[in-house]
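Fold and contact review
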Amino acid sequence: QEQLVESGGGLVQPGGSLRLSCAASGSGFSTKSMGWYRQAPGKQREFVAGVDGGGSTRYANSVKGRFTISRDNAKKKVYLQMNSLKPEDTAVYYCNSQISMLTTKTFGSWGQGTQVTVSS
């Protein structure tokens, strides 16, 4: 079973930036649609951003224009560049190894998550 390891979270002030990374194992990475999701305390896990094998992207409305998802197939990594962070972006961020870009449903493995806290 594929394993995913997220990193790059931390504490940042409002307006700041962070770059999250998700390292994947296993085969077929370059053909998979990968996604970032987040879960805030007391809330359900929600879709943040997705990127398919061809590089097409999709974003939640709440992060459009502030977050950028990208991938490096040679390194089997997916990134989430987060700019202009807001307190409401505070959550544990997870990546998933296979998602539907159409419905944002998830079908793949989850990583352990990385905590992002936006606070002054």
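A brief look at the structure comes next. (Residues numbered from 1 in each chain as written. Predicted model: local features only at pLDDT ≥ 70, side-chain atom pairs only at ≥ 80, totals over all residues. Heavy atoms only, no water.)

1. Points about the overall build of the protein
Counting secondary structure elements, the protein contains zero helices and 10 strands. In sequence order, the secondary structure elements of the protein are arranged as β-β-β-β-β-β-β-β-β-β. Taken over C-alpha atoms, the radius of gyration comes to 13 Å for the protein, in line with the 14 Å a tight globule of 120 residues would show. Principal-axis analysis of the C-alpha atoms places the extent of the protein at approximately 40 × 25 × 25 Å. (Helix = DSSP H or I, 4+ residues; strand = E, 2+ residues; numbered from the N terminus. Rg over C-alpha atoms; globule rule 2.2 N^0.38 Å.)

2. Some remarks on the pairing of strand β1 (residues 4–7)
A one-sided burial pattern is seen for β1, the buried positions being Leu 4 and Glu 6 and the unburied ones Val 5 and Ser 7. Pairing of β1 with strand β3 (residues 18–24), which is carried by four bridges, proceeds in the antiparallel orientation. Bridging across to β3, Ser 7 finds its partner in Ser 21. (Buried < 20%, exposed > 50% of the residue type's maximum accessible area, 1.4 Å probe, protein only. Pairing = 2+ DSSP bridges.)

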